[in-house]
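# Reading the structure
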Amino acid sequence: MEKHVLSKSTFIRGLQCFKSLYLYKNYYHLKDPVSPELQAVFNRGHKVGALAQQLFPGGIDCTPTKRYRYIESVEKTQELINNGQEVIYEATFQVERVLIMLDILVKRGGKWFAYEVKSSTKISDTYITDAAIQYYVITNAGLKLEDISIVHIDNQYILKEKLKLDQYFKTISVKDRILEIQPRLHKQVNEMKSVIFERDIPIKEIGKHCFSPYQCDYLGYCWKGKKDAEIFTLAGLGKEGQVDLFEKGIEKFSDISSVEKLSKSQKIQIKGEPVLKKDNIQKFLMQLEFPLWFLDFETVQNAVPKYEGVKPYQQIPFQFSLHRLEENGTLSHSEFLAELGIDPRESFTKSLFEMVGKKGSVVVYNATFEKMIIKQLFEWFPDKKEEAQHMIKRVIDLMKPFQKKDYYLPEMQGSHSIKAVLPALCKELSYENLAINNGQIAAMTYNELQTSSDMFRIEEVKQNLLEYCKLDTLAMVKIYEKLIEITQNR
Ligand code: SF4
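None of the values given here were measured: they were computed from a predicted structure.

Reading the values: the criteria
- Residues numbered from 1 in each chain as written.
- Predicted model: local features only at pLDDT ≥ 70, side-chain atom pairs only at ≥ 80, totals over all residues.
- Heavy atoms only, no water.
- Core = buried A, V, L, I, M, F, W, Y, C linked by side-chain atoms within 4.5 Å.
- Buried < 20%, exposed > 50% of the residue type's maximum accessible area, 1.4 Å probe, protein only.
- Contact = heavy atoms within 4.5 Å.
- Domains from an automatic or database assignment.
- Buried area = accessible area lost by both parts, 1.4 Å probe.
- Salt bridge = Lys/Arg side-chain N within 4 Å of Asp/Glu carboxyl O.
- Nonpolar A, V, L, I, M, F, W, Y, C, P; charged D, E, K, R; others polar.
- Near = heavy atom within 4 Å.
- Helix = DSSP H or I, 4+ residues; strand = E, 2+ residues; numbered from the N terminus.
- Lys, Arg positive; Asp, Glu negative; His and termini not counted.
- Patch = residues over 30% accessible without salt bridge, like charges linked within 9 Å, V, L, I, M, F, W, Y side chains within 5 Å.
- Areas by Shrake-Rupley, 256 points an atom, 1.4 Å probe, with all protein chains shown as cover.
- Charge placed at Lys NZ, Arg CZ, Asp CG, Glu CD.
- Pairing = 2+ DSSP bridges.
- Axes fitted to C-alpha atoms, helices over the stretch in contact; angles between N-to-C directions.
- Phe/Tyr/Trp six-rings, centres within 6.5 Å; stacked < 30°, edge-to-face > 60°.
- Parallel < 35°, antiparallel > 145°, perpendicular 65-115°, else oblique.
- Left-handed = near helix turned anticlockwise from the far one by under 90°.

### A word on the nonpolar core
With 76 residues, the main nonpolar core has Leu352, Tyr365, Phe402, Leu425, Leu465, Ile479 and Leu483 as its most contacted residues. Not counting chain neighbours up to four residues away, the residues in contact with Phe402 comprise Tyr365, Tyr407, Met412, His416, Val421, Leu425, Ile479 and Leu483. Grouped together as the second largest cluster of nonpolar side chains are 37 residues, Ala114, Leu143, Leu145 and Val189 included.

Okay, here's the thing in structure tokens:
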């Protein structure tokens, strides 16, 4: 058997962009590095995949014993089928030099059923194509499939005592949808194979396809010098909208011929001049009641819920930082970080209601998130409902003056996120030198710590988490002080 040239993932890559396929096969080293965030998504996929195997226990795994020994896996799969094995994990097939590894292959009542596992909560068109190429290879390799299904996470599942896999996972047959795709696969496979062996890099302009269905990992190569075009800073459009304008030849704001269709804040950004509506800011500040409680939460989301009453991917708070500012200017700080290895919700809730006083405004940045977490707390702990509702009523969103563009500086680049507002207002404070500098990394690091036994590492990371969260609330204090300052200046 000849070595494969296409796999399920390279086929999907080729459908997104021939050039990406060519580069991947011939210039792998030009690929962008995998970010820790993306690596975490891959790891999650493997974990969920392993869990789904338990839906069909007793299987034999055909994962190659050594990297790249896929032919061994194909032979092992065939041998297991011939020997009457009824459950096979990573069942491997190859046809027309296309190799696929199916998550779970099951024989029931003398018929074969294929299952592909996804760690997401819904079925995308790409998953259908992905299942289609698997069906194509398996059936053309000579195994008749009675059905092919996608096994994905049910986001309505709530953990009670023990994880019930048959409720946590949803199994949906996609055979009807993938059969429609089958007639075009042979041609597509051949086209891709010929692209791979071309002498030169295929010509393909950059565009929206670079981000859909996945962000291509050759952006660094193809978008060199283009990624920094001014149009990619135009806020409120999303990547797709920005690329849409870029494809029309609009690279700079000055290339935009008509601003009529743009939002109020986009027009402000394009104009590039500061905005200061003192009266509105004063009105905003007047709502605040001392003492001020600057509050920020960190949360973690797990594909597989760990604690009772929790849904897949539900936000679980594990840390907060709190700065208290008195009317006389006295500032104090307190914080909470859950102990490792336990359900953080109870101690988080207890500490939050103990540490945040009963009077004064609770100042957050992007209130939707913090309010949602506080609401969840009383759903988990109904005895805290009154306190939680009282706290929600006291929440004031410090983001509002920036979101409404009552205060805008061109350095904010159209954004009202704290990561854009802070450096524009308080250059002395920065996230740049922190070991943890965004919420996603904080959540990943906290998750990683759960299984660590290295006490030095644990202490170091705990400090990093505390420093990061503390900066979030200190940043809010500084932003608040800046708002006071500018409204007092004549
Ligand atoms: S960056 Fe865009 S054009 Fe370049 S390989 Fe990727 S998808 Fe293709």
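Past the structure itself, the notes keep going.
### Some thoughts on the domain arrangement of the protein
The domain boundaries assigned to the protein delineate domain 1 (6-196), domain 2 (228-271) and domain 3 (279-488). Taking both partners together, domain 2 and domain 3 bury about 470 Å²; carbon and sulfur atoms supply 65% of that area. Contact with domain 3 buries area across many residues of domain 2, yet Ser265, Ile268 and Gln269 alone supply 61% of it, more than any other trio. The interface formed by domain 2 and domain 3 holds zero salt bridges in total. In the side of domain 2 that touches domain 3, the residues fall into two nonpolar, three polar and one charged.

### Observations concerning the site of the ligand
Near the ligand you find Cys17, Lys19, Ser20, His209, Cys210, Cys216, Tyr218, Leu219, Cys222 and Trp223, and these make up its full shell. Only α2 (18-26) and α8 (219-222) provide two or more residues apiece to the shell around the ligand. Considering only residue class, the shell around the ligand consists of seven nonpolar, two polar and one charged.

### What to know about helix α16 (residues 418-425)
For α16, the buried fraction is high: six of the eight residues fall into the buried class. Every buried residue belonging to α16 is among Ile418, Ala420, Val421, Leu422, Ala424 and Leu425, and all of these are buried. Buried residues belonging to α16 abut α15 (400-403), β14 (407-408) and α18 (455-488).

### Regarding the side chain of Glu37
With respect to the helices, strands and loops of the structure, Glu37 is situated in helix α3 (residues 36-53). There is no salt bridge for the buried Glu37, and the closest opposite charge comes from Lys419, which lies 11 Å off by N-O distance. Look past the residues within four positions of Glu37 in its chain and what remains in contact with it is Asn438, Gln440, Ile441 and Met444.

### Some remarks on the pattern of salt bridges
As enumerated under the stated definition, the model contains 24 salt bridges in all. A salt bridge links Arg69 to Glu72, with the shortest nitrogen-to-oxygen separation between them at 3.3 Å. On the accessibility criterion, Glu72 (33% relative accessible area) is partly exposed. Residues joined in a network through salt bridges with shared partners are Lys8, Glu116, Lys118 and Asp130.

### Some details on a positive patch on the surface
A contiguous patch of positive charge on the surface is contributed by Lys264, Lys277, Lys283, Lys371, Lys400 and Lys404. As for its placement among the helices and strands, Lys404 is situated in the loop between α15 and β14. Taking relative accessible area as the criterion, Lys404 reaches 46% and is therefore assigned partly exposed.

### Points about the sheet that holds strand β10 (residues 315-325)
Through backbone hydrogen bonds, the strands of a sheet pair up, either in parallel or in antiparallel fashion. The strand order across the open sheet formed by five strands is β11-β10-β9-β12-β13, and the pairing between neighbours is mixed. In this open sheet, the two edge strands, each paired with only one partner strand, are β11 (331-337) and β13 (395-397). On average, adjacent strands in this sheet sit at an angle of 30° to one another, irrespective of strand direction. As defined by bridge partners, β10 adjoins β11 across seven bridges and the pair is classed as antiparallel. In the strand pairing of β11, Arg324 is matched with Ser332. Against the sheet, helix α13 (residues 367-380) engages β9 (292-301), β10, β12 (362-364) and β13, with an angle of about 115° to β10.

### Some points on unusual backbone geometry
Note the cis peptide between Ser212 and Pro213, where omega equals 5°. By secondary structure assignment, the location of Pro213 is in the loop between α7 (175-196) and α8. Omega for the bond connecting Phe290 with Pro291 falls within 30 degrees of zero, at -5°, which places this linkage in the cis form. In this structure, Tyr313 is a non-glycine residue whose phi angle is positive, near 65°.

### As for the packing of aromatic side chains
One pass over the structure, following the stated rule, counts 17 aromatic pairs. Here Tyr168 and Phe169 contribute two aromatic rings whose centre-to-centre distance is 4.7 Å and whose plane-to-plane angle is 65°, an arrangement assigned as edge-to-face. The same class applies to Tyr168 and to Phe169, which are both buried. Judged by centre distance (5.9 Å) and plane angle (80°), the ring pair of Phe336 and Phe348 falls under edge-to-face. With Phe336 in strand β11 and Phe348 in helix α12 (residues 345-355), the pair connects residues that are 12 residues apart, well separated along the chain. Residue Phe336 shares its accessibility class with Phe348, and that shared class is buried. In textbook terms, an aromatic cluster arises when at least three aromatic residues are bridged by ring pairs, as seen for Phe211, Trp223, Phe232 and Phe246.

### A closer look at the packing of α16 against α18
At a minimum axis distance of 10 Å, the contact between α16 and α18 shows a crossing angle of 55°. Taken together, α16 and α18 sit at an angle that is classed as oblique. Here α16 runs over α18; the crossing is left-handed. Contacts between α16 and α18 involve Ile418, Lys419, Val421, Leu422 and Leu425 from the first element and Tyr468, Asp472, Ala475, Met476, Ile479 and Lys482 from the second. Here the residues of the contact of α16 with α18 sort into eight nonpolar, no polar and three charged.

### Looking at the pairing of strand β5 (residues 111-117)
The buried fraction of β5 amounts to six of the seven residues, a majority that puts the element mostly inside the structure. Summarising the sheet, strand β4 (residues 98-108) and β5 pair through five bridges and their orientation is antiparallel. Across the sheet, residue Arg108 finds its bridge partner in β5, namely Lys111. What sits between the antiparallel neighbours β4 and β5 is a turn of two residues, in which Gly109 has the positive phi angle 55°. With six bridges connecting them, β5 and strand β6 (residues 145-153) associate as parallel partners.

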